[in-house]
Amino acid sequence: MASRWITFIALLWEFQCYVCREVTLPAGPLYRVAGFSLSLPCSVSAYEGPRTQDFEWYLYRDDAEGRQIAVVSTRDTGFPYAPFQPRVRGGEVRVERDSGDKARLIIQRLRPDDQGRYECYTPSTDSRFLGNYSSSVVVKVIPDTLLITHSRILSGQPVIEGTELQLTCAASVQSDQHTHVSVTFGVRSIRGAESLGHNLREIIGIDRELRVTPGHSGGYGKRYREGEIALEKRKGDGSRDLYVLKMSALAPEDSGSYFCEAVQWIRDPDGKWERIAQRTMELGNLTVQPLVDTLSVRSAPDGQVSLRPGSPLSLTCQVSGVGLWNRSALLVQWMRRGPAGGVEVEVARFGTDGVVTWGDDASRAGGGSMEKEADGRFSLRLFSIHPADAGLYRCAVSVYAGRKTPGPTSPATLTQRSDWVTVILKTEDVRVSASIDLPRRPLLRRGSTVTLLCNVSVETTGSSQVAVQWLQKPEEPTRKDAMFSEESKGRLIAVLTYDGLARIYSNGSDLSVDRVSAASYRLRIFSARDEDQGHYQCQAEVWSQDPRGGWYNTGARAESVTAHLYLYARVADLLLIPLVVGVSSALFVGVLIIATVTCCFMKRLARQRSRIRK
């Protein structure tokens, strides 16, 4: 019976313990650094009374032989003992509430004599005195040994967009405890608009577990993945570690005041990492000038250039305001537009890889070159300029700031163009006329050889040659909208170039072109067919010879009126029609007579048979 009472009392006590007051502090010992803050959270649970509980803190120093020192209380302003009274009044030592039953002791700047055992006590609000009303933890105050230094300070002088930046910090700590150090580089914006808000941005850092982590703002994550931002840890002198920040291409938004921050971490007995010391080193101000404010592109000579055919043309593109020439790749293009405007075409380009390519066959025909004469100086030379080379020229420069070898699809940081240079060609007066002759005797019939003559007259003082084109146009269009169609303009069927080369674009007929005299050019159509009928026209272009012996198109041209080609039927074709009609008529009459005779004979034979039977 006694044993049953004992068991009942034990169960009752165990049940009561479930509703006993319990005060909890972190497990210790806790190591904190002198001069930095201490935050001790304390919570109470399983209590009776109001939800807002009071907290009182006591310190038992190691050298005080167990004497209790009142630190701070939530309900009594006169609670602190003399060593803590001025610190409590100044707010350096205080209690901050997380909730009604959770509060933490805050000591902003630890002193060596703050070391000891801290007790958190909660005055009872319960109807019965059951449970744990206080808890304590040992706090060890260790010396501050965290050091941070730098190799150089930013001068504050403006740099151009795309410039490389390298900053170095050295950090070290001497501690008997196992601690880790993290280092972070950051920047504070110095712009007026941003300084009103959150102007601090972390660029990149190495955390306490030696992981490199880019900042979450400012696009630093993307720049880190693309290799534009890097952070390295190296061994320095003595026990110092060097942390090197590299930014390969500065952007205007990178302007600001740079700093390096080192943090000392320790792992508490509960497994959580705590920041126990921190230092920040200012590295100076940096201003990044946008490339659009510094880049300058000029072409020389300025204004207008007047040359004669066959003369060399030399143009220069001068680039400045890029910064260090070995830091940014350039794409330089020479562009041309016709004297009357029109589409802008690429003449030549000097690629980011140093390869020159030509984009305009007309300029390349006379021979030319494009070269890099010096940093920021690019020349275009056409050895023998022709009328097709006249027009407006300018150079376009694309800068890849901070990128030496951009990819084929990489966008340029900025593209800027120079002013136009007008190139005028002084050509001699050239007059040209053309007429077409279609001999019609004897009559042109299908299957005959048709000859068309193009007579050209040229007036010029220099050597010249003529290129002749032959076009065939359809019969006169019957619809108004057909007059403006491509077909109404004619189809090129043959060409005789200025150097005597014949090109035939046959429609199925056998053609030939040749020069029969100094001013007469001939087109022959062998075994002409119905498809060869239509209107024919010849067009003449005058080519002249430049002083270097090369030939160029002067642009002088003339076209003849059209000649109409109609083919008559052959004699054999004319006899075939009556022959076919006559034979057909004779056969029809013969068949009709035979059918009539046969029909009458059969009827007569049938009547005779019927009489005999009767």
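First things first, this report covers the structure right here in the doc. What you are looking at is a predicted structure, and each value in this text was computed from that prediction instead of being measured. (Residues numbered from 1 in each chain as written. Predicted model: local features only at pLDDT ≥ 70, side-chain atom pairs only at ≥ 80, totals over all residues. Heavy atoms only, no water.)

Thoughts on the overall build of the protein
Note the cut-off: Secondary structure elements are taken from DSSP: a helix is a run of H or I of four residues or more, a strand is a run of E of two residues or more, and numbering for both begins at the N terminus. For each residue, the accessible area found with a 1.4 Å probe, counting protein chains only, is set against the maximum for its type, and the residue is called buried under 20%, exposed over 50%, and partly exposed in between. Contacts: residue pairs with any heavy atoms within 4.5 Å of one another.
A count of helices and strands for the protein gives seven helices and 41 strands. In the protein, which comprises 614 residues, the proportion classed as buried is 39%. Restricting to contacts in the protein with at least 6 residues of sequence separation, those with at least 24 account for 61%.

Structural notes on a nonpolar patch on the surface
Quick note on the threshold: In this analysis, a patch consists of residues with relative accessible area above 30% that form no salt bridge, clustered at 9 Å for like charges and at 5 Å for the nonpolar side chains Val, Leu, Ile, Met, Phe, Trp and Tyr. Only the protein chains shown count as cover for residues, with accessible areas throughout obtained via the Shrake-Rupley method and a probe of 1.4 Å. For this document, the term salt bridge refers to a Lys or Arg side-chain nitrogen within 4 Å of an Asp or Glu carboxyl oxygen.
A cluster of nonpolar residues, Leu443, Tyr566 and Tyr568, forms a patch on the protein surface that exposes about 300 Å² of accessible area. A relative accessible area of 37% places Tyr568 in the partly exposed class.

Some details on the state of the cysteines
Under the convention used in this document: We call a pair of cysteine sulfur atoms a disulfide when they lie within 2.5 Å.
Counted under the stated rule, the structure contains four disulfides. Each sulfur of the disulfide joining Cys317 and Cys395 lies 2.2 Å from the other. One quick way to see it: the torsion about the S-S bond of Cys317 and Cys395 is about 70 degrees, and its sign makes the bridge right-handed. A residue pair is termed long-range when its members are at least 10 positions apart, and Cys317 in strand β23 (residues 313-320) and Cys395 in strand β29 (residues 391-400) qualify at 78 residues. Taking the relative accessible area as the measure of exposure, Cys317 reaches 0% and is therefore buried. Across a sulfur-sulfur distance of 2.2 Å, Cys454 and Cys538 are joined as a disulfide pair. Handedness here is read from the sign of the S-S torsion; for Cys454 and Cys538, about 70 degrees, the answer is right-handed. Taken together, the residues Cys454 in strand β33 (residues 450-459) and Cys538 in strand β39 (residues 534-545) connect sequence positions 84 residues apart.

A few points about the packing of aromatic side chains
Applicable threshold: Working definition: a ring pair exists when centres of Phe, Tyr or Trp rings (six-membered ring for Trp) sit within 6.5 Å. Plane angles under 30 degrees give stacked, over 60 give edge-to-face, the rest tilted. Sitting over a ring, as applied to charges here, requires NZ of Lys or CZ of Arg to be within 6 Å of the ring centre and within 35 degrees of the ring normal.
All chains considered together, the criterion is met by four aromatic pairs. For the ring pair Tyr58 and Phe79, a centre distance of 5.2 Å and an interplane angle of 70 degrees mean the geometry is edge-to-face. Of this pair, Tyr58 sits in strand β4 (residues 56-61) while Phe79 sits in the loop between β5 (69-73) and α2 (85-89), placing them 21 residues apart in sequence. A relative accessible area of 11% places Phe79 in the buried class. Over the ring of Tyr60 we find Arg117; its NZ or CZ atom is 4.2 Å from the centre of that ring. A cation sits over an aromatic face here: Arg188 above Phe259, 4.4 Å from the ring centre.

A few points about the pattern of salt bridges
Scanning the entire structure with this criterion turns up 31 salt bridges. A salt bridge links Arg97 to Asp54; the shortest N-O distance between them is 3.7 Å. One end of the pair, Arg97, is in strand β6 (residues 93-99); the other, Asp54, is in the loop between β3 (38-45) and β4, with 43 residues separating them in the sequence. Classification of Arg97 as partly exposed rests on a relative accessible area of 36%.

Observations regarding the environment of Gln545
Among the structural elements, Gln545 can be located in strand β39. Owing to a relative accessible area of 36%, Gln545 belongs among the partly exposed residues under this scheme. Separated by 235 residues in the primary sequence, Gln545 and Gly310 have C-alpha atoms spaced 8.3 Å apart. Leave out the neighbours within four places in its chain, and Gln545 touches Ser463, Gly550, Trp551 and Tyr552.

A closer look at the pairing of strand β31 (residues 421-425)
Using the following cut-off: Strands are treated as partners if at least two bridges between them are detected by DSSP.
Taking every second residue as pointing to the same face, the buried face of β31 carries Val421, Val423 and Leu425, while none of Thr422 and Ile424 on the other face is buried. By the bridge criterion, four bridges tie strand β22 (residues 304-307) to β31 in an arrangement that is parallel. Among the inter-strand pairings, Ser306 is bridged to a residue of β31, identified as Ile424. In the sheet, β29 pairs with β31 via three bridges, with the strands oriented antiparallel. What sits directly across from Gly391, in β31, is Val423.

Re the sheet that holds strand β14 (residues 200-206)
Hydrogen bonds along the backbone pair up the strands of a sheet, which may run parallel or antiparallel. So the rule is basically this: For helices, the fitted line uses only the C-alpha atoms of the stretch in contact; every axis is such a line through C-alpha atoms, and the angle between N-to-C directions lies from 0 to 180 degrees.
Taken together, five strands build an open sheet; the order of strands is β15-β14-β13-β18-β19 and the sheet is antiparallel. Across the chains shown, the open sheet's two edge strands, defined by having one partner strand only, are β15 (212-214) and β19 (273-286). Going from strand to strand, the sheet's axes swing by 25 degrees on average, the running direction of each strand aside. Where β14 and β15 come together, three bridges link them in antiparallel fashion. If you follow Ile204 over to β15, its bridge partner there is Pro214.

So, to be careful, I would describe these as geometric facts and stop short of saying anything about function.
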